[in-house]
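Understanding the architecture of this molecule
Chain residues, written in single-letter form:
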Amino acid sequence: MPERTIEFGKYGARGIKGHEAVARQLDSYLHYIATPISSPRGLLARLHYLTRTGHALAAARAAGLTATDRTVEAWLKEQRRPSKRNLARIEDAYRTVRRHNVARYLLPRLNREGRGTRVEIHPLNQSAVNRPQQRVLEFRTLNVRHWDRIVEAWSAADDRALDDAWIEQIVDLGSQWGQYEYCTNVGFAA
């Protein structure tokens, strides 16, 4: 599609890719544990989240937590402290599992039994663009009915698939869809 190869920002327009704005909005629903992993309380909270059930522990292992059960048990009992490398693995596994768990509950709320969710697309910031090069871009709203591919790509942290899924949804804007590939913000309530 020729619209997707336009040289963005050539005249000073500012914004981000639409799928990045969608990912940012979906990330706002995650509510990660606020206490840092470097503190004992933050570490224990993450370990409890990752080991509370067999399913959660299996998901943590699939997400990169490679420590043995014995080692994890020692961490939970505070008999040993994980290395910096293992702290990073615990944090990555926690964020991956948390994103996956939230996606399961977020998808039905966004799809709303086929009714979809109203999305607001805020246009590019053209304040730095010279007057003759500015385009008329208005605030747009559309109803996204199929969130499955978007949430699946977001949950897997697959940027390319998220971009493709988002572009597929904004084609409903008709001939103007290419003008909203970049934006300042995408807003919706789940």
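Parameters at a glance
- Residues numbered from 1 in each chain as written.
- Predicted model: local features only at pLDDT ≥ 70, side-chain atom pairs only at ≥ 80, totals over all residues.
- Heavy atoms only, no water.
- Phe/Tyr/Trp six-rings, centres within 6.5 Å; stacked < 30°, edge-to-face > 60°.
- Helix = DSSP H or I, 4+ residues; strand = E, 2+ residues; numbered from the N terminus.
- Buried < 20%, exposed > 50% of the residue type's maximum accessible area, 1.4 Å probe, protein only.
- Arc of directions from axis to C-beta.
- Contact = heavy atoms within 4.5 Å.
- Core = buried A, V, L, I, M, F, W, Y, C linked by side-chain atoms within 4.5 Å.
- Axes fitted to C-alpha atoms, helices over the stretch in contact; angles between N-to-C directions.
- Parallel < 35°, antiparallel > 145°, perpendicular 65-115°, else oblique.
- Left-handed = near helix turned anticlockwise from the far one by under 90°.
- Nonpolar A, V, L, I, M, F, W, Y, C, P; charged D, E, K, R; others polar.

**Digging into the packing of aromatic side chains**
On inspection of all chains with the given rule, the structure shows four aromatic pairs. Plain terms: the ring middles of Tyr29 and Phe188 are 6.5 Å apart, the flat faces sit at 40 degrees to each other, and that makes the pair tilted. Taken together, the positions of Tyr29 in the loop between helix H1 (18-27) and helix H2 (40-51) and Phe188 in the segment after strand E5 (185-187) put the pair 159 residues apart, joining distant regions of the chain. Assessed through its relative accessible area of 7%, Phe188 is described here as buried.

**A few points about helix H4 (residues 69-76)**
Along H4, the positions that sit buried rather than exposed are Thr71, Val72, Ala74 and Trp75. The buried residues of H4 occupy an angular sector of 160 degrees when projected down its axis, which confines them to one face. Across from the buried face of H4, at angles greater than 90 degrees, the exposed residues are Asp69 and Arg70. Contact partners of the buried residues in H4: H2, helix H3 (54-62) and helix H5 (84-111).

**Remarks on the nonpolar core**
Here is a general trend for soluble globular proteins: nonpolar side chains tend to be buried in one another's company. Residues Ile121, Trp147, Ile150, Trp154 and Trp166 are the most contacted members of the largest nonpolar core, which totals 34 residues. Top element by residues in this core is helix H7 (residues 159-170). It accounts for five residues. Apart from residues lying up to four places away in sequence, Trp154 is in contact with Ala23, Leu26, Asp27, Leu30, Arg99, Val102, Ala103, Leu106 and Leu162. Leu50, Ala60, Leu87 and Ala93 belong to the second-largest nonpolar core, a separate cluster that totals 15 residues.

**A word on the environment of Ala157**
Of note, Ala157 is situated in the loop between helix H6 (148-155) and H7. The class of Ala157 is exposed, set by a relative accessible area of 58%. It is 19 Å that separates the C-alpha atoms of Ala157 and Ala56, two residues lying 101 residues apart in sequence.

**Re the packing of H6 against H7**
Where H6 contacts H7, the two axes come as close as 8 Å, and the packing angle between them is 160 degrees. Judged by the inter-axis angle, H6 sits roughly antiparallel to H7. Like other packed secondary-structure pairs, H6 and H7 cross with a definite hand, here left-handed. Counted together, Arg149, Ile150, Ala153 and Trp154 of H6 and Ala161, Leu162, Asp164, Ala165, Trp166, Glu168 and Gln169 of H7 form the full contact between these two elements. Its residues placed into classes, the contact of H6 with H7 shows seven nonpolar, one polar and three charged.

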